[in-house]
Amino acid sequence: MSTSTDERPATSELEPTRGQRFTGWAANYVDERTSISGLVKELGRKIFPDHWSFMLGEVALYSFIVILLSGTFMTFFFQASMVPVLYDGSYVPLKGIEMSAAMASTLDLSFDIRGGLLMRQVHHWAALLFVASIGLHMLRIFFTGAFRKPREINWVIGFLLFILAMAEGFTGYSLPDDLLSGNGLRIIDGLVKGIPIIGTWISYLLFGGEFPGEDVVGRFYVLHILLLPAILVAALGVHMLLLVINKHTQFAVPGRTNDNVVGVPIMPVFAAKAGGFFFIIFGVIVLIASLFQINPIWTYGPYDPSPVSAGTQPDWYIGFADGALRLVPPGWELELGPFTLSLNVFIPVVVLGLFIVVVAIYPFIEAWITGDKREHHIADRPRNAPTRTAIGAAGVSFYAVMWAAASSDLIATHFKLSIENVTHVIQALLILGPIIAYIVTKRVCLALQKKDREIALHGYESGRIVRLPGGEYIEVHEQLDEYERWKLVSYEDYKPLMLRPNAKGRITAGERLRARASNWFFEDRIAPVTRTDIEKPGHGEH
Amino acid sequence: MANDHDGTNPRAGTTVEKYGEHNQPTAGTAVVSSDSVQNPGFEPFRARVADLDPAVARAQERRVSAWFVLSIIGSVFAIVAYIIFPIDGTPGSIRNNNFFLGIGIALALLAVGFGAVHWSKSLMDGHDLVEQRHGTRGTDATREKAIEVFELGNKESGFGRRTLIRRTLIGALVVSPLPAVVLFRDLAPAENPVPLLKQTMWAKGVRLTRDPSGTPIKASDVTLGSAFHVIPDGLNESEHKLEEKAKAAVLLMRLKPQDLHVSAGREDWNYDGIIAYSKICTHVGCPVALYEQQTHHLLCPCHQSQFDITHEAQVIFGPAKRPLPQLPITVDSEGYLIARSDFTEPVGPSFWERKL
C-alpha cells in the first residue's frame, strides 16, 4: 500500500547501487557456505497473530537479554569470595569495617565504578520484571487454554523456565553477602535442615561446613552465572523452537480458524514491532534504574548472624514461600524417638512442592478429564471455560494469600493491627480464599456467557424508545453485525462424559473418576448460539 | 470452534479431520454441532490515513526519523554524562552519575523502540496475511520412514536381539554417573556435622561480652528492663567467627526475680533475675532480635514467632515449636557475668538428629 504512495522511482529498475552490489555479494557469500537462504525462506515471512496479551512472553524474553547484558558487565568487577577484608572504598560510613570480598567488591562496583550502580540497578529491576512477566505470561497461557494440545510440552518447558528464573533470582540475591541476603540464606539453611533424614547433610554440603562458611557465595556464583543460565538458555531455545513449530495461537476473530494463522509476517512488520519493543523494554528498565534505587546494600551492612532489621522483605517472587512459612500454626514439630521432624518447615515445603507440580502437569490433567485429543489453536476467552478459569482464580488466590502473608508484619504495623490477628485472618484466607474465588469466578464466567448469548441473539439496547400504535413503549435493540457476533458465539462446547463400559464390558474405577471429573468440569455450561437460534423468528424484536 | 469440525464449512476444515480415522474416540466430550454459526470470514480492510494520503505518509516518515535522531542524541548525551559527572564517593556525585547516564541510555533505547514501532504501525504494509496450519504430527509416510530407520538400526546392530549386550549396556550407563555423585562428597569437610551443631563456644567460665565490641558485662551494668546483645568472650578473635556467632549469639535481659517462672533444675541458671537466652530462632534460625520490654516477649522479625521470657522463652505465637535454649549464667569473682556451661540443648533450627 505505502509503496504506491512513494513517488521516488523504484531503485530496482536502475543500475544496482554500490550498497546493493555489496549486499548481494555478502548474501551470496554466506549462502554458499551455510545455505541460510532456506531458513530465510521458511521463517522470513512466518505469520504472527497480534494481541496485546501475546507481548507478555516477549517482555520476559527481552528482560532476560537485558539481564544477560548487565550481568556480564558486573562479572568484570564482582569478586565471588567470602574471604574477610577490611572495606577501603569511597563509601565513608563502612570504611574499615570487616566484610567479605563479595560485599566489598559490590560496594566498589556501586561507588567507585561509573555506571556500576546503574548496571546493578538495571540487573535487579530487569530480574524482577523477568519473573513478573513470566508469571503473567503463564497466566495468559492458562486462562486462554493455550496449553492444550499440541502445546502441553511447551507449557512444561515454560514452567521450568519460571522455576529457573526464581532460582536465578535467589542465587543472585545472595551474592552481595549483605545482611539481607545473609538472612535469606539463613532461612534457606533452616529450611534445608528441616528436611527429614538428609536435611542436616544437605545443608552441610551446600555451605561447605557449618552455616555460613566461606563457600556458599562462590558456589552460588557458579550456579548463577554458568549452570542455571546455560540450562535456561537451552530451555528457552526449545521453548522458541516449539513456538515456531506449533505456530502461535490466536483469538477467534472473524476469518481466523483452527487451521490458519492470521497476522503480520516476521519480515518486516513483526521484526520492526518486536525489535522496537525490545528497545522499549530495555529503555524502560534503564529509566527505572536511573530513577529508583533498589537493594541499597550499603544501608544494610555486611552479613552478621546476630542483627536483623524488622520489616525486611525478600524479592517479590520469593514472597509466597516466605509467607507459607509464616502461616504455620504453633507447635508443628514432632519427635519420632530420637529424631526430630520439623513439620513447621517441611509441610510448607511439601505444600508448595505439590502446588507447583499441579501447575506443571495441569495440561495433562485437563486433557484427561476432557478426553479431547484434537489440536487447539484458537485461544479461549476465559469466560468460555468457566471451570478452568475458576480453577485458575483459585490458584491465583492461593498464591496471592501466601504472598500477602510475607508482608504480614508490614500489614500489621501499617494498619495498626496486631500481628496475631493479621496472621489468623491470612491463615483463614489461605483456605477460604481459593474456595470463594472458585465459586465467584465460575458464576461470573457463566453470567458473562449468558450476557454474550443474550447480546448475540437480541443485540444491544440502543437507548431508542419507540411508542407503538397501541400505546406500548419498547426499546429498540440494535443487532450486531456478523463480525461482532462471531466473537461472541465461536467457542468450543463440551458436555459431561457419559459413563460407558469399555471394550471388555467393564466400567473401570479410572473411568468412574473421569466421568465424575468431567461432570464437575462441564455440568454448568452455556451452549453457544446456533444458526437455528439466530434464525428463529421472534428474535431481534422487543 | 465447533463448526470447524463438522466438515460443512469450506473455509474451515480441520487439522483433525485430515486424520479422521485416528480421532474417532478422541473428540472426548466436545459437542460437535452441525448447526453452529458460520465463520463470517475476514472483515474488510480499513486503510490508514498514511495509505491514502502521501503527505501524511511523508510526515510519518519524518516522525520516525526524528525518533532515530533523538536516539543518537540520547547516546551522545550518555557518553557526555559519563565524563562530566565523575564519582568521588559522595552520595550526590553517585546520584548524578547514575541519573544522567541512565537518562541518556534510556532515551537512546526508548527512541529507537518508539521509532521502529511507529514505523511498523504507520508505514509498513498493514494487511494481515494468512498462513495455513498443518497437523503437528508427521505425515504417515514420514512416520513410516522414521519407523523404518529404527527398524534398520535395530536389525543392523542387533540391539533387540542381543539381549546380553543390551542389558549390560543399560547397566553400564546406569552405573556410570555414580562416581560423579561420590565426587560431591567433599563439598563439605569429612567430619560429621551433628556434633558441631550441638556445641557452641560457650563453656564454664566464659565471660558474656557485648556484641560487637567484645567488652565484658558486669551484673551491675544490667539494669532492670535493659537488654544486651551478647557474644562469648574471645569470639572476635575466633578463626570461624561467623560460624561461631551464628550459634553463640545470646540475648541478655534483667527481669524482677518474682516475674520469672523457673522450672525445676534451672533455679541457678539466672543471676538475680538476669537471664540469657539463645538469640537464634528455633524455627529457621533468624536472630530473635526484638525484645518487648513491657510484655517480656521476644519477637522474631522473619516469621513472627514470639517467645515469653517470663516462662523460659516458651513459644506463644508463630511457627516455632521449641523454646529458645537458655544459657546458664552466674558471676565470677570480679562481678562479671559468665556462663555456667554450654547450652544444654542444640540452638537454632531443628534438625533430624537434634535429640541423638
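Residues numbered from 1 in each chain as written. Chains lettered and ligands numbered in written order. Predicted model: local features only at pLDDT ≥ 70, side-chain atom pairs only at ≥ 80, totals over all residues.

Q: Could you clarify how one ought to interpret the overall build of chain A in this entry?
A: Secondary structure assignment for chain A yields 20 helices and 10 strands. In terms of overall dimensions, chain A has C-alpha extents of about 95 × 80 × 60 Å along its principal axes. Burial statistics for chain A: of 542 residues in total, 44% are counted as buried. Excluding contacts between residues fewer than 6 apart, the proportion of contacts in chain A whose partners are at least 24 apart in sequence is 73%. (Helix = DSSP H or I, 4+ residues; strand = E, 2+ residues; numbered from the N terminus. Buried ≥ 20, exposed ≤ 12 C-beta atoms within 10 Å, placed from the backbone. Contact = placed C-beta atoms within 7 Å.)

Q: Help me out: how do you make sense of the overall build of chain B in this one?
A: When you go through chain B residue by residue, the secondary structure sums to eight helices and 12 strands. Along the first, second and third principal axes, the C-alpha atoms of chain B reach 100 × 75 × 50 Å. Residues counted as buried form 36% of the 356 residues belonging to chain B.

Q: How do you make sense of the interface of chain A and chain B when you look at a structure like this?
A: You'll often see interface size given as the accessible area lost when the parts meet. Taken together, the contact pairs 115 residues of chain A with 104 residues of chain B. With 15 residues, the top contributor of residues to the side of chain A that touches chain B is helix α11 (residues 266–291) of chain A. Of the residues in the side of chain A that touches chain B, the class split is 55 nonpolar, 37 polar and 23 charged. The pairing of strand β5 (residues 260–265) of chain A with strand β1 (residues 129–132) of chain B spans four bridges and is classified as antiparallel. If you follow N260(A) over to β1(B), its bridge partner there is Q132(B). (Nonpolar A, V, L, I, M, F, W, Y, C, P; charged D, E, K, R; others polar. Pairing = 2+ DSSP bridges.)

Q: Sorry, what's going on with the sheet that holds β1(B) here?
A: Hydrogen bonds between backbone groups are what pair the strands of a sheet, and the pairing can be parallel or antiparallel. As summarised here, the arrangement of the three strands in space is β1(A)-β5(A)-β1(B), forming an open sheet in which the pairing is antiparallel. Each edge of the open sheet carries a strand with a single partner, namely β1 (47–48) of chain A together with β1 of chain B. The sheet contacts of α11(A) involve β1 and β5 of chain A, and relative to β5(A) the element is tilted by about 70 degrees. (Axes fitted to C-alpha atoms, helices over the stretch in contact; angles between N-to-C directions.)

Q: I would appreciate a short explanation of unusual backbone geometry in the present structure.
A: If a residue is not glycine, its phi is most likely negative; likewise, a peptide bond is most likely trans. Each neighbour pair has its own omega, and for F211(A) with P212(A) the value is -5 degrees, a cis peptide bond. Positionally, P212(A) belongs in the loop between α9 (199–207) and α10 (216–246). With an omega of 5 degrees, the peptide bond between M267(A) and P268(A) qualifies as cis. Counting through the fold element by element, P268(A) comes out in helix α11. Within the chain, A313(B) stands out as a residue other than glycine whose phi angle is a positive 60 degrees. Inspection of the secondary structure puts A313(B) in the loop between β8 (306–308) and β9 (314–317).

Q: Looking at this model, I keep getting lost on the sheet that holds strand β2 (residues 208–210) of chain B. Mind explaining?
A: Residues and elements named next belong to chain B. Taken together, the five strands give an open sheet; going across it, the order is β2-β3-β4-β5-β10, and neighbouring strands pair in antiparallel fashion. Two strands in the sheet have a free side with no partner beyond their single neighbour: β2 and β10 (326–327). Both strand β5 (residues 274–278) and β10 contribute to a ladder of two bridges, which runs antiparallel. Note that in β10 the partner of Y277 across the bridge is Q326.

Q: Would you take a moment to explain the confidence of the model for chain B for this structure?
A: Detailed conclusions should not be drawn from predicted coordinates in areas where pLDDT is low. Residues and elements named next belong to chain B. Averaged over all residues, the pLDDT of chain B is 88; the fraction at 70 or higher stands at 92%. Considering only residues more than four positions removed or in separate chains, one finds that residues 1–26, a stretch of pLDDT under 50, has 58 contacts. Reported confidence for the predicted complex is 0.90 by ipTM and 0.92 by pTM. (pLDDT = per-residue confidence, 0-100.)

Q: Mind showing me how you'd approach the nonpolar core here?
A: Across soluble globular proteins, you tend to see nonpolar side chains buried next to one another. If you look at the biggest cluster of nonpolar residues, it comprises 181 residues, and the most contacted ones within it are F130(A), I285(A), L208(B), V250(B) and L252(B). Counting residues per element, this core draws most heavily on helix α6 (residues 116–143) of chain A, at 15 residues. Counting contributing residues per domain, this core is built from domain 2 (49–127 + 141–187) and domain 3 (195–353) of chain B, each supplying no fewer than three. Every residue in contact with F130(A), bar those within four places of it in the chain, is listed here: A60(A), S63(A), F64(A), I67(A) and A165(A). (Core = buried A, V, L, I, M, F, W, Y, C linked by C-beta atoms within 7 Å. Domains from an automatic or database assignment.)

Q: So what exactly am I meant to see when it comes to the packing of helix α7 (residues 152–174) of chain A against α10(A) here?
A: All names here are of chain A. Relative to each other, α7 and α10 sit at 160 degrees, their axes nearing to 9 Å. On the basis of the axis angle, α7 is roughly antiparallel to α10. Between α7 and α10 the crossing geometry is left-handed. Along the lines of polarity and charge, the residues of the contact of α7 with α10 split into 17 nonpolar, eight polar and one charged. (Parallel < 35°, antiparallel > 145°, perpendicular 65-115°, else oblique. Left-handed = near helix turned anticlockwise from the far one by under 90°.)

Q: Whenever I open this one, helix α8 (residues 241–248) of chain B confuses me. Can you help?
A: Count 3.6 residues to each turn of an α-helix, and residues three or four apart come out pointing the same way. Residue and element names in this part refer to chain B. Among the eight residues that make up α8, seven are buried, leaving the element largely enclosed by the rest of the structure. If you check which residues of α8 are buried, you get L242, E243, E244, K245, A246, K247 and A248. In this structure, the buried side of α8 is in contact with β3 (227–232) and β4 (250–254).

Q: Even after reading the chapter, I still don't get the pairing of β5(A), so can you show me in this structure?
A: The side chains of a regular strand alternate between both faces of the sheet. Residues and elements named next belong to chain A. In terms of burial, β5 is a largely internal element, five of the six residues being buried. Sheet topology places β1 next to β5; two bridges connect them, and they run antiparallel. The residue bridging F48 from the neighbouring strand is V264, located in β5.

Q: Mind showing me how you'd approach the environment of F130(A) here?
A: Residue and element names in this part refer to chain A. The topology assignment puts F130 in helix α6. A residue is classified by how many C-beta atoms lie within 10 Å of it, and F130, with 26 of them, is buried. Residues F130 and T312 lie 182 residues apart in sequence; the distance between their C-alpha atoms is 22 Å.

Q: Looking at this model, I keep getting lost on the environment of L161(A). Mind explaining?
A: Residues and elements named next belong to chain A. Considering the arrangement of structural elements, one finds L161 in helix α7. With 30 residues separating them along the chain, L161 and V131 place their C-alpha atoms 9.4 Å apart. Each residue touching L161, except ones within four places of it in the same chain, is listed here: I134, L232, A235, L236 and H239.

Q: In this structure, what is going on with the pairing of strand β10 (residues 473–478) of chain A? I would like to understand it.
A: All names here are of chain A. Taking burial as the measure, the six residues of β10 include zero buried ones, a minor fraction of the element. Note: strand β9 (residues 460–467) against β10, six bridges, orientation antiparallel. Paired with I465 across the bridge in β10 is E475. The hairpin formed by β9 and β10 contains five residues between the paired strands, and G471 there has a positive phi angle of roughly 100 degrees.

Q: Would you explain helix α2 (residues 18–34) of chain A in this entry?
A: Residues and elements named next belong to chain A. The terminal C-alpha atoms of α2, which comprises 17 residues, lie 24 Å apart, in line with the 24 Å expected from a rise of 1.5 Å per residue. Little of α2 sits inside the fold, with zero of its 17 residues counted as buried. One or two positions beyond α2, positive phi appears at S35, with a value near 45 degrees. (Expected span 1.5 Å × (residues − 1).)

Q: Help me understand the environment of G463(A) in this model?
A: Checked against the element boundaries, G463(A) lands in strand β9. Each C-alpha atom, one on G463(A) and one on I356(A), is 49 Å from the other, the two residues being 107 residues apart in sequence.

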